[in-house]
Amino acid sequence: MSNCKVNIVNVEPRCRENNSAHRTWEISRDRLIVRRGQSFSISVQCSKSVRGCMVAVDLHVGKREEAVISVKRESCSGNDWWFTQRSACDELLLTLHSPADAIIGPYRLTVTLLSASDGRVLDTEGTTKFHMLYNPWCKDDVVYLPNENFIQEYVMNENGIIFMGTWNAITGRRWNFGQFEDNVMDICFEILDYSNEAVRDSKKDLSQRADPIYVSRIVTAMMNCNLDRGLLEGCWEEPYTGGVAPYRWVGSVGILEKWSNSCAKPVKYGQCWVFAAVAVTVLRCLGIPTRPITNFESAHDTDGNLSLDYLVDENLEIIKKGRSDSSWNFHCWVESWMKRNDLSQGNDGWQVLDPTPQELSNGDFRCGPCPVRAIKEGNLNVKYDAPFIFAEVNADVIYWMVQKNGQRQKIRVNQASIGRNISTKSVFGNRREDVTLEYKYPEGSKKEREVYEKAQRTARDPSPERQEPAQVVVNVKTEKVVFGSDVEIVVELNNQGQKNADICLTMAATAETYNCSHLGMLHKETKQISVQANKVHKEVVRVPYKDYVKYITGQQNIKLTALLQTQGVSKPIMAVGKITPTMPQVLVELSGKVSRRQQTTCSISFTNPLQVPLKGGVFTLEGAGLLASTKVNVNGDIAPGQKACAKVSFQPVRTGVRKLLVDFFSDGLKDVKGDATVIVKRF
């Protein structure tokens with residue numbers, strides 16, 4: 001039988017078998033998608049017996065195929081590709097072994113059939129394509145995570161919760177990450193291809209895609225469109241002209257598809273939780289364990305002195321000059337799990353990555369990866385961007401009053417207000433997990449101050465002086481309030497001295513964005529008060545709904561600043577409190593059994609809690625594995641107390657526990673959400 005007549009009839013990538021073994025079946029059952037450091041098999045069907053034949057395998061790597069790898073025969077070192085061959089009559093079974101540090105991305109596989117006697121090429125087949133991802137199950141991969149529960153949450157879970165609000169009134173926002181939805185993986189690699197690094201030198205960029213440190217840094221830059229062709233344009237205030245208000249997004253998939261379909265034009269608009277949520281989608285899809293993090297009372301230190309310096313005038317209004325420091329009600333970033341072989345021991349594990357465009361890092365708006373452990377220990381010389389991240393969770397807050405003659409007087413120093421209740425979703429359910437102690441030692445402890453002072457020596461800024469205890473202490477106390485209700489804020493004056501105190505108290509309520517931009521004055525008054533010795537006096541500031549509705553639509557808040565000047569005491573003292581009215585919820589209901597590819601119907605409803613009608617009501621639904629983003633318009637106005645209802649039918653495409661997310665939007669109520677858990681059975 002002549003070998004020269006042997007042809008390759010077909011190469012079968014065995015997608016279902018391989019994708020199941022590599023835990024990529026949720027992405028596709030029809031395309032070969034594998035994880036590095038783990039073997040996979042392909043079948044080669046030939047026209048006749050392959051006795052006397054040899055096989056050569058080559059891999060063409062990347063979108064432009066700028067790297068070619070000749071796969072070695074039989075076992076070799078862990079840093080090389082190799083394959084084994086078994087044959088039976090006219091069929092070959094090739095098992096390919098990839099190294100744990102293989103380049104991620106698209107590959108094209110070429111199988112060449114050779115004569116064993118003289119090495120002549122008998123036939124070649126080169127149309128088989130596959131994608132390579134990181135492998136958190138592989139012990140030799142630097143993203144290896146040795147806890148299956150953690151992998152299921154931080155790689156495989158397509159739904160999550162992002163925490164928002166204020167440190168003492170935390171709310172959770174459901175999010176559809178959708179990392180395994182159709183086209184998402186391809187868009188993730190498209191994002192890498194559009195990066196500045198890939199555009200400048202695509203071959204060098206491809207060679208570095210084996211490194212999750214490099215790739216995660218690219219992803220953080222590409223989540224925003226500042227200085228590159230990234231996904232999202234940021235906008236922090238109304239109006240959101242020509243785009244989608246950040247609070248209306250409930251998932252990442254629509255953002256990714258919109259960017260890709262528009263040939264990499266930025267999607268309008270994002271804020272920190274949107275940037276972070278889409279980064280979670282991309283990094284989980286690539287195989288890097290990732291979780292969203294929310295830092296309450298998060299500092300943005302623009303000058304690197306590890307303190308926030310606020311200048312206020314005698315009317316309690318913030319004076320802003322150029323790029324000013326600010327404290328955000330909350331700020332979201334992500335953590336990704338990986339080894340840091342580029343750093344000294346002790347820096348492996350969770351790494352901070354912040355895709356919100358705040359400060360430049362090596363010429364791009366990005367931040368991290370930086371080891372969480374380095375932040376806790378105040379090691380600010382560690383890559384990347386440690387000083388900025390340290391300040392986000394540790395900065396001291398200093399208020400200076402600028403008097404009419406231009407002189408500044410320090411009126412408040414707070415060493416404990418920044419970096420509170422740092423939160424993420426628990427692995428074991430939908431509850432909030434507090435990870436503050438992973439970032440810092442207990443607030444007020446000796447060790448916490450030692451770390452701060454160590455960091456300040458690195459930042460070359462002297463420690464702020466401590467304030468002497470005051471006779472009268474002022475506190476601002478807030479409670480949760482539902483949007484549409486009047487707001488009451490209590491200012492408490494505690495005279496801890498043995499003498500009565502005559503006080504001039506100024507109270508100002510303002511509307512602010514969640515990242516500290518002033519929107520408008522809501523209430524201001526000054527009172528002369530006498531507080532008896534060892535007594536507590538309370539003042540109540542009331543802000544009617546009709547006053548704050550002009551400014552509050554989503555994550556904006558009401559800020560109450562109280563300035564207290566005690567007679568006979570030269571230095572005034574100051575207290576600040578914030579409250580974000582919470583929104584009502586949409587009711588989402590499904591009844592009966594839900595099966596894959598079978599039509600099911602959900603009922604959604606919302607009752608108008610306001611005393612005014614709502615116009616232009618729209619429900620938006622989506623859910624990973626359930627349905628793509630779908631809009632349902634409400635007919636007519638929704639009167640006070642009236643219930644708006646809608647029914648939506650869909651056919652789930654994937655089995656398992658799914659989340660259906662709903663957003664309601666109108667002229668008078670925005671950022672109203674609802675959700676339902678859907679268990680999709682196979683039959």
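What counts, and where the lines are drawn
Residues numbered from 1 in each chain as written. Predicted model: local features only at pLDDT ≥ 70, side-chain atom pairs only at ≥ 80, totals over all residues. Heavy atoms only, no water. Helix = DSSP H or I, 4+ residues; strand = E, 2+ residues; numbered from the N terminus. Rg over C-alpha atoms; globule rule 2.2 N^0.38 Å. Buried < 20%, exposed > 50% of the residue type's maximum accessible area, 1.4 Å probe, protein only. Contact = heavy atoms within 4.5 Å. Polar contact = N/O pair within 3.5 Å; in protein donor to acceptor, adjacent residues only side chain to side chain. Salt bridge = Lys/Arg side-chain N within 4 Å of Asp/Glu carboxyl O. Pairing = 2+ DSSP bridges. Core = buried A, V, L, I, M, F, W, Y, C linked by side-chain atoms within 4.5 Å. Axes fitted to C-alpha atoms, helices over the stretch in contact; angles between N-to-C directions. Phe/Tyr/Trp six-rings, centres within 6.5 Å; stacked < 30°, edge-to-face > 60°.

Topic: the overall build of the protein chain
1) Next: Each helix and strand in the protein chain was counted, giving 13 helices and 40 strands.
2) Next: In terms of overall dimensions, the protein chain is globule-like: its C-alpha atoms have a radius of gyration of 29 Å, near the 26 Å expected for 683 residues.
3) Next: Projecting the C-alpha coordinates of the protein chain onto the three principal axes gives extents of approximately 110 × 60 × 40 Å.
4) Next: Split into buried and exposed, the 683 residues of the protein chain put 57% on the buried side.

Here we look at the side chain of Thr620
1) Next: Positionally, Thr620 belongs in strand β36 (residues 618-623).
2) Next: Using a relative accessible area of 9% as the deciding quantity, one classes Thr620 as buried.
3) Next: Setting aside residues no more than four positions away along its own chain, Thr620 makes contact with Arg248, Ser629, Thr630, Lys631, Leu661, Val662 and Asp663.

Some thoughts on the environment of Tyr134
1) Next: With respect to the helices, strands and loops of the structure, Tyr134 is situated in the loop between β9 (121-133) and α2 (148-156).
2) Next: What makes Tyr134 buried here is its relative accessible area of 0%.
3) Next: A C-alpha to C-alpha distance of 6.7 Å links Tyr134 and Ile104, two positions 30 residues apart in sequence.
4) Next: Of the polar contacts made by the side chain of Tyr134, one reaches the backbone oxygen of Arg209; its length is 2.9 Å.

Re the pattern of salt bridges
1) Next: Per the stated rule, a full pass over the model turns up 40 salt bridges.
2) Next: Close ionic contact of Arg291 with Glu438 constitutes a salt bridge, the shortest N to O distance being 3.4 Å. Of this pair, Arg291 sits in strand β14 (residues 290-300) while Glu438 sits in helix α11 (residues 436-439); the two residues are 147 residues apart in sequence, bridging distant segments of the chain.
3) Next: Arg291 sits in the buried class, given a relative accessible area of 2%.
4) Next: Put simply, Glu377 and Arg373 hold a salt bridge, and the shortest N to O gap is 3.1 Å. Taken together, the residues Glu377 and Arg373, both in helix α9 (residues 372-377) and 4 residues apart, mark about one turn of the helix.
5) Next: We classify Glu377 as buried; its relative accessible area is 15%.
6) Next: One network of salt bridges, with partners in common, ties together Glu26, Glu158, Glu181, Arg654 and Arg658.

Section: helix α6 (residues 212-222)
1) Next: With respect to burial, α6 is a largely interior element, 11 of its 11 residues being buried.
2) Next: Among the residues making up α6, those that are buried are Pro212, Ile213, Tyr214, Val215, Ser216, Arg217, Ile218, Val219, Thr220, Ala221 and Met222.
3) Next: Two or three places before Ile213, at the start of α6, stands the capping residue Asp211, its side-chain oxygen 3.0 Å from that residue's backbone nitrogen.

Here's the deal with the pairing of strand β40 (residues 672-681)
Moving residue by residue along a regular strand, the side chains alternate between the two faces of the sheet.
1) Next: Pairing between strand β34 (residues 594-595) and β40: 2 bridges, direction parallel. Paired with Val594 across the bridge in β40 is Val680.
2) Next: As defined by bridge partners, strand β39 (residues 656-665) adjoins β40 across 9 bridges and the pair is classed as antiparallel. When the sheet's bridge partners are listed, Val657 is paired in β40 with Ile679.
3) Next: Here β39 folds back onto β40, and the loop between the two strands holds 6 residues, one of which, Asp671, carries a positive phi near 60°.

Considerations on the sheet that holds β39
1) Next: The 5 strands lie next to each other as β34-β40-β39-β36-β37, forming an open sheet whose pairing is mixed. The two strands at the open ends of the sheet, each matched to only one other strand, are β34 and β37 (627-633).

Considerations on the nonpolar core
1) Next: Core analysis: the biggest nonpolar cluster contains 110 residues, and Ile191, Met223, Leu231, Trp273, Val278, Val282 and Tyr439 have the highest contact counts within it.
2) Next: In terms of residues, this core owes the most to one element, helix α8 (residues 272-286), which gives 13 residues.
3) Next: Residues within four places of Ile191 in sequence aside, it is in contact with Met222, Met223, Leu231, Leu256, Trp259 and Val282.
4) Next: The next biggest cluster of nonpolar side chains, apart from the first, holds 58 residues, and it includes Val476, Leu614, Phe619 and Val680.

Let's talk about the sheet that holds β14
1) Next: Across the sheet, 6 strands lie side by side as β21-β18-β17-β14-β24-β25; this open sheet has antiparallel pairing. Among the strands making up the open sheet, the edge pair consists of β21 (370-371) and β25 (432-434).
2) Next: In this structure, strand β24 (residues 420-425) lies alongside β25, joined through 3 bridges in antiparallel fashion. When the sheet's bridge partners are listed, Thr424 is paired in β25 with Glu433.
3) Next: Of the strands in this sheet, β14, β17 (326-338) and β18 (349-353) touch α8, which is tilted by about 5° from β17.

Some remarks on α2
Each full turn of the α-helix corresponds to 3.6 residues, which orients residues three or four apart in the same direction.
1) Next: Here α2 has its buried residues at Ile151, Glu153, Tyr154, Val155 and Met156.
2) Next: At the N-terminal end of α2, a side-chain oxygen is found 2.9 Å from the backbone nitrogen of Asn149, two or three residues along, and the residue is Asn147.

Details of the environment of Phe130
1) Next: Looking at the secondary structure, you find Phe130 in strand β9.
2) Next: In this structure, the C-alpha to C-alpha distance between Phe130 and Lys265, residues 135 residues apart in sequence, is 27 Å.
3) Next: If sequence neighbours within four positions are ignored, Phe130 has contacts with Leu32, Val34, Phe40, Leu59, Trp81, Gly105, Pro106, Tyr107 and Leu109.

Some details on the packing of aromatic side chains
1) Next: Within this structure, the stated rule accounts for 24 aromatic pairs.
2) Next: Geometrically, the ring pair formed by Tyr240 and Tyr269 is tilted, given 6.0 Å between the ring centres and 50° between the ring planes. With a gap of 29 residues between them, Tyr240 in the loop between β12 (232-234) and α7 (253-261) and Tyr269 in strand β13 (residues 267-270) connect regions that are remote in the sequence. The same class applies to Tyr240 as to Tyr269, namely buried.
3) Next: Taken together, a centroid distance of 5.3 Å and an interplanar angle of 80° make the contact between Trp337 and Trp350 edge-to-face.

Details of the environment of Val402
1) Next: On the secondary structure map, Val402 appears in strand β22 (residues 396-402).
2) Next: Overall, the relative accessible area of 17% leaves Val402 in the buried class.
3) Next: Separated by 83 residues in the primary sequence, Val402 and Ile319 place their C-alpha atoms 8.7 Å from one another.
4) Next: In contact with Val402, other than residues within four places in its own chain, are Leu311, Val312, Asp313, Glu314, Ile319, Gln407 and Arg408.

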